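Architecture at a glance
Chain residues, written in single-letter form:
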Amino acid sequence: MGFRLLIADDSAAMRQVIRRVIELSGFEVDEFLEAADGDDALRLLRSEPIDVILTDINMPNINGEQLLCSMQQEDLLRAKPVIVVSTDATEHRIHRMLALGAKGYITKPFYPEALRQELERVLGVENE
Amino acid sequence: MRSLIVGIADCQVSNDPDAVLVTYALGSCIAVTVWDPVVRVGGMLHFMLPDSTIDLPQAGKRPYMFADVGVPLLFRQSYEMGAEKRRMVVRLAGGAQVMDDHGVFDIGRRNYVATRKILWKAGVLIQQEAVGGSGSRTVRLEVGTGKMWLRGAGGVEEEFGAPSRGSKGIVYGVPSTDRG
Amino acid sequence: MSDPLETQALSLATRDVLETMFFIEVLSETDEPPQGSPGTLEARLRFAGERSGEFRIWLTAEAARSIATNFLGLDDENAIRDSQVGEVAAELANIICGSALSRLSCDRAFDLSHPEVGPPADDARTWSDAASRTFDLGNGWLTTILRFEHA
């Protein structure tokens, strides 16, 4: 059985690249959901079964940090694993996102294998 | 074990479980290796330059000299032996920063970028790599097992892809997921 | 006069980003932006944090198309829509800006606005205090401009 994954990033091009990496990595994904901002992401999280979230930080309306904050405040969302994919590589931001419960952090620019490795680690799976 | 030597601007593909593909003295050149664990087909390309369009006649005579021609040929020859892209383990070695005959210092890096571009467009991810730096490398691939061995300038041979820090973009020191 | 550290961060960030996710080699770089050419795209965004300011890129048409093709992993430049070229240019600006700011500011986090894409506005040519580098990509040019606002 596969998993359902949400990609939150205001760049349609980056969402396409992330999706391609995950497909090429051999993960069993039942469904890809996409959100262009944190607002959209929250709405999907509250209405759809989602197993793992990949989120950017800088997005319009609600950003990635606010998204994590909101998730922490909701019983049904708190435990869902989040991997941050962001151009912000400052220590300050990284610590903040991890303190807010992010399980992984990838900085842009990244190699595709980085995304595969982080997803394998966070999901506890190994793709042959 | 039977050694199949892959020379400079050369490519070998084998389905002989006793074969070991080996290439020497990878400086700025890159070795691209593929291995299909189901049909046990292994291939190795040793190329020198990124782009054949600079010398098309040469590319016709020595296709394995260039990444853009050699890599697709490596894959095609592997498919002809029954390998499938989605199963293939792909590894890279080489791309060191050395002064070559033309005095061009950055050819290793250019080879690496070109290889990544070709593989990304082909829809292939890289499993392991030992690239960059400044030393020469020798690699060998056991066709029967898929194991790959690396010898650096220091002379010690070790198995390729022994646990490493992983890939560019990962932030380390993130606590592991608690799994009950 | 721009700060040499800012210029260096901009240069390193641009080269690193271009190679890693866009598979583009820089042939050479200069201080001077080229004269405008038809079809040049501009992507611009604002940033805020420890310091605030504006970031822009100018990308000539042919380079923009091959960059987009590479990023998306496609083979055929003609198969890509103009809207996709714009989206990729916007993300290129986003990543370069973030990478440059991350190199300059190890401490405070920063916020980036959603990039806007359109024809180049020439006002940035008059900014004397911006860090600016222009990169020869072989089939075109990329100019990156980073301007911090003064407190």
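Conventions we followed
Position numbers for residues count from 1 along each chain, tracking the sequence in the order it is written. For naming, the first written chain is A and the first written ligand is 1, with later ones following in the order written. A pLDDT threshold of at least 70 governs which residues receive local features in this predicted model, and a stricter bar of 80 or more applies before side-chain atom pairs are shown or counted, although totals over entire chains, interfaces and linings include all residues. Whether two residues are in contact is decided by their C-beta atoms, placed from the backbone, lying within 7 Å. Basically, the charged four are Asp, Glu, Lys and Arg, the nonpolar ten are Ala, Val, Leu, Ile, Met, Phe, Trp, Tyr, Cys and Pro, and anything else, Gly included, counts as polar. Think of it this way: DSSP has to see at least two bridges between two strands before they count as a pair. Numbering of helices and strands runs from the N terminus; a helix is a DSSP stretch of H or I covering at least four residues, while a strand is a stretch of E covering at least two. Each axis is a line fitted through C-alpha atoms, taken for helices only over the stretch in contact, and angles between the N-to-C directions span 0 to 180 degrees. In a helix, the anticipated span is given by 1.5 Å times the number of residues less one. Residue burial is a threshold on neighbouring C-beta atoms within 10 Å of the residue's own C-beta, all placed from the backbone, with 20 or more meaning buried, 12 or fewer meaning exposed, and counts in between meaning partly exposed. Regarding the arc, it is the one traced by the directions from the helix axis to the C-beta atoms.

1. Quick notes on the interface of chain C and chain B
Taken together, the contact between chain C and chain B spans eight residues of the former and eight residues of the latter. The residue inventory of the side of chain C that touches chain B, partitioned by class, reads two nonpolar, three polar and three charged.

2. Thoughts on the sheet that holds strand 2 (residues 10-14) of chain B
All names here are of chain B. On the basis of which strands lie adjacent, the open sheet formed by five strands has the order 2-5-4-6-7 and mixed pairing. The strands lining the two open edges of the sheet, one partner per strand, are strand 2 and strand 7 (128-131). When the angles between neighbouring strand axes are averaged without regard to direction, this sheet yields 10°. Two strands pair when backbone bridges link them, and strand 2 and strand 5 (residues 41-47) are joined in this way by five bridges, in the antiparallel orientation. Across the sheet, residue C11 finds its bridge partner in strand 5, namely L45. Across the sheet, helix 3 (residues 107-122) lies against strand 4 (30-36), strand 6 (89-94) and strand 7, angled at about 30° from strand 4, the strand it touches most.

3. Overview of the interface of chain A and chain C
With 21 residues of chain A at the contact, the number on the chain C side is 26 residues. Listed by contribution, the elements that provide at least two residues to the side of chain A that touches chain C are helix 1 (12-24) and helix 5 (91-99) of chain A. Sorting elements by how many residues they give to the side of chain A that touches chain C places helix 1 of chain A first, with six residues. A breakdown of the residues in the side of chain A that touches chain C according to their chemical character gives eight nonpolar, six polar and seven charged.

4. Regarding unusual backbone geometry
Here the residue pair K108 of chain A and P109 of chain A is connected by a cis peptide bond, since its omega of 5° sits within 30 degrees of zero. Relative to the helices and strands, P109 of chain A resides in the loop between strand 5 (104-107) and helix 6 (112-123). A positive phi angle, near 60°, is found at N61 of chain A, a position not held by glycine. Along the polypeptide, N61 of chain A turns up in the loop between strand 3 (52-55) and helix 3 (64-72). Even without being a glycine, A25 of chain B presents a positive backbone phi close to 50°. Residue position: A25 of chain B is located in strand 3 (residues 19-26).

5. Topic: helix 1 (residues 4-22) of chain C
All names here are of chain C. The first and last C-alpha atoms of helix 1 sit 26 Å apart over 19 residues, in line with the 27 Å expected at 1.5 Å per residue. Those residues of helix 1 lying buried are E6, A9, L10, A13, T14, V17, L18, M21 and F22. The buried residues of helix 1 occupy an angular sector of 150° when the element is viewed end-on, so they sit on one face. Pointing more than 90 degrees away from the buried face of helix 1 are the exposed residues P4 and L5. Buried residues belonging to helix 1 abut helix 2 (61-72), helix 3 (82-104), strand 6 (131-136) and strand 7 (141-148). F23 sits one or two residues past helix 1 and shows a positive phi near 55°.

All quantities given are derived from atomic positions and should not be read as evidence of function.
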